[in-house]
Amino acid sequence: MPPPLIAPSLLAADFARLGEEVAAVAAAGADWLHLDIMDGHFVPNISFGPVVVKALRRHAAIPFDVHLMIAPADPYLAAFAEAGADWISLHPEAGPHLHRSLQTIRALGKKAGVVLNPATPVETVAHVLDLTDLILVMSVNPGFGGQSFLDSQLPKIATLRRMIDASGRDIRLQVDGGVTAATAPRCIKAGADVLVAGTAVFGQADYSAAMAALRQPRKQAA
Ligand code: DX5
Ligand code: ZN
């Protein structure tokens, strides 16, 4: 099994130096950049929007993985696509028609993701797998970085891994929230193949070493 992809979450970066931070984490070997979009309505925090995503696009060539924590999300999908998102993920609770939202993201030429909050059941994605490129399991309640990993989400990751494998589809399984060198091995064992980490990367002095610790044990042993 290949090592998981690492998607550092920009939320934990130095917001006064965002361009430099994006370039630095890409140079340190980040696979994707995770960008958390919060509206102060769907989640109790506000981050940044498509203008900032667009401004950052020229600072790194790695895929931009945009996690929308906004409701409604549909009116903004085109703006994030135009800003340079490669992956666009949204929460089913953000609108009444998840199937249509995923169709819209695909029609914009982007990869479509579904995000499951801790209380959202896996069945939510069961009938839209044909439109899904990524399933993101939230291992904290969305809205803030630096929270503790919820062990209750590990069986959900394992169930989704079985569901994805049984479908035979090319769908990424991502985990977001409280991912550290201590919790990453459990996520990987349960079947995750993309790890989002804010504090555990941007909160560390050496981004490259921090990401190596998350890819463990394979990369660390090498
Ligand atoms: C939380 C965000 C996460 C957050 C993770 O709502 O979706 O991406 O930045 O932060 P850490 O890794 O510090 O838990
Ligand atoms: Zn996120």
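Below: a short report on this structure. (Residues numbered from 1 in each chain as written. Chains lettered and ligands numbered in written order. Predicted model: local features only at pLDDT ≥ 70, side-chain atom pairs only at ≥ 80, totals over all residues. Heavy atoms only, no water.)

### What about the overall build of the protein chain?
Per the secondary structure count, the protein chain includes ten helices and eight strands. What you see for the protein chain is a C-alpha radius of gyration of 16 Å, in line with the 17 Å of a compact globule of 222 residues. Seen along its three principal axes, the alpha-carbon backbone of the protein chain occupies a region of about 40 × 40 × 30 Å. Here the protein chain holds 222 residues, and 53% of them are scored as buried. The contacts in the protein chain between residues at least 6 apart in sequence include a share of 65% that link residues at least 24 apart. Of the roughly 9,400 Å² of accessible surface on the protein chain, 55% is carried by carbon and sulfur atoms. The positive charge centre, built from 18 side chains, and the negative charge centre, built from 20, are 5 Å apart in the protein chain. (Helix = DSSP H or I, 4+ residues; strand = E, 2+ residues; numbered from the N terminus. Rg over C-alpha atoms; globule rule 2.2 N^0.38 Å. Buried < 20%, exposed > 50% of the residue type's maximum accessible area, 1.4 Å probe, protein only. Contact = heavy atoms within 4.5 Å. Areas by Shrake-Rupley, 256 points an atom, 1.4 Å probe, with all protein chains shown as cover. Lys, Arg positive; Asp, Glu negative; His and termini not counted. Charge placed at Lys NZ, Arg CZ, Asp CG, Glu CD.)

### Considerations on the coordination of the zinc ion (ligand 2)
Under ideal tetrahedral coordination, the four donors around a metal are separated by 109.5 degrees; under ideal octahedral coordination, the six donors are separated by 90 or 180 degrees. Every protein donor of the zinc ion (ligand 2) is listed here as H34 (NE2), D36 (OD), H67 (ND1) and D176 (OD), and their distances to the metal cover 2.0 to 2.3 Å. Geometry at the zinc ion (ligand 2) is octahedral, judged from its six donor atoms and the angles of 70 to 168° they form at the metal. Of note, the zinc ion (ligand 2) draws all its donor residues from one chain, in the sequence arrangement H-x1-D-x30-H-x108-D. Just as H34 is buried, D36 falls in that class too. (Donors = N, O, S within 2.8 Å, 3.2 Å for Na, K, Ca; no water. Tetrahedral: all angles 85-135°; square planar, octahedral: opposite > 155°, others 65-115°.)

### Observations concerning the side chain of R215
Position of R215 relative to the elements: it lies in the loop between α9 (207-214) and α10 (218-221). In this view, R215 contacts P4, I6, G29 and D31; residues no more than four positions away in its chain are not counted.

### Concerning the side chain of E21
Structurally, E21 is set in helix α1 (residues 18-27). R17 provides the closest opposite charge to the buried, salt-bridge-free E21, at an N-O distance of 4.0 Å. Separated by 2.7 Å, the side chain of E21 and the backbone nitrogen of D14 make a polar contact. Engagement of the side chain of E21 in a polar contact is seen with the side chain of Y207, the distance being 2.7 Å. (Salt bridge = Lys/Arg side-chain N within 4 Å of Asp/Glu carboxyl O. Polar contact = N/O pair within 3.5 Å; in protein donor to acceptor, adjacent residues only side chain to side chain.)

### Description of the packing of aromatic side chains
Under the defined criterion, the tally for this structure stands at three aromatic pairs. The ring of W87 has K111 sitting right over it, with the charged end atom 5.9 Å from the ring centre. (Phe/Tyr/Trp six-rings, centres within 6.5 Å; stacked < 30°, edge-to-face > 60°. Lys NZ or Arg CZ within 6 Å of the ring centre and 35° of its normal.)

### A look at the site of ligand 1
The local shell around ligand 1 holds 20 residues, among which S9, G143, D176, G198 and T199 are the closest. In the environment of ligand 1, an oxygen atom lies 2.7 Å from a nitrogen or oxygen atom belonging to the backbone of G143. Burial of ligand 1 by the protein chains amounts to 99% of its free accessible area of 380 Å². Those elements giving two or more residues to the shell around ligand 1 turn out to be β2 (33-38), β3 (64-69) and β8 (194-197). If one sorts the elements of the shell around ligand 1 by residue count, β2 sits on top with three residues. Residue classes in the shell around ligand 1 are distributed as eight nonpolar, ten polar and two charged. (Near = heavy atom within 4 Å. Nonpolar A, V, L, I, M, F, W, Y, C, P; charged D, E, K, R; others polar.)

### As for unusual backbone geometry
Between A71 and P72 the backbone carries a cis peptide bond, its omega angle lying at -5°. Within the secondary structure layout, P72 lies in the loop between β3 and α3 (77-83).

### Details of the sheet that holds strand β7 (residues 172-176)
In a beta sheet, neighbouring strands pair by backbone hydrogen bonds and run either parallel or antiparallel. Here eight strands make up an open sheet; going across it, the order is β1-β8-β7-β6-β5-β4-β3-β2 and the pairing parallel. Each having just a single partner strand, β1 (5-8) and β2 make up the two edges of the open sheet. The average undirected angle you get between the axes of adjacent strands in this sheet is 25°. Here β3 runs beside strand β4 (residues 87-90); their pairing, made up of four bridges, is parallel. (Pairing = 2+ DSSP bridges. Axes fitted to C-alpha atoms, helices over the stretch in contact; angles between N-to-C directions.)

### Thoughts on α1
Among the residues making up α1, those that are buried are L18, G19, E21, V22 and V25. Taken down its axis, α1 places every buried residue within 165° of arc, on the same side. Residues of α1 that are buried in the fold lie against β1, β2, α2 (50-57), β3, α8 (199-202) and α9. Looking one or two residues beyond α1, the residue adopting positive phi is G29, at roughly 105°. (Arc of directions from axis to C-beta.)

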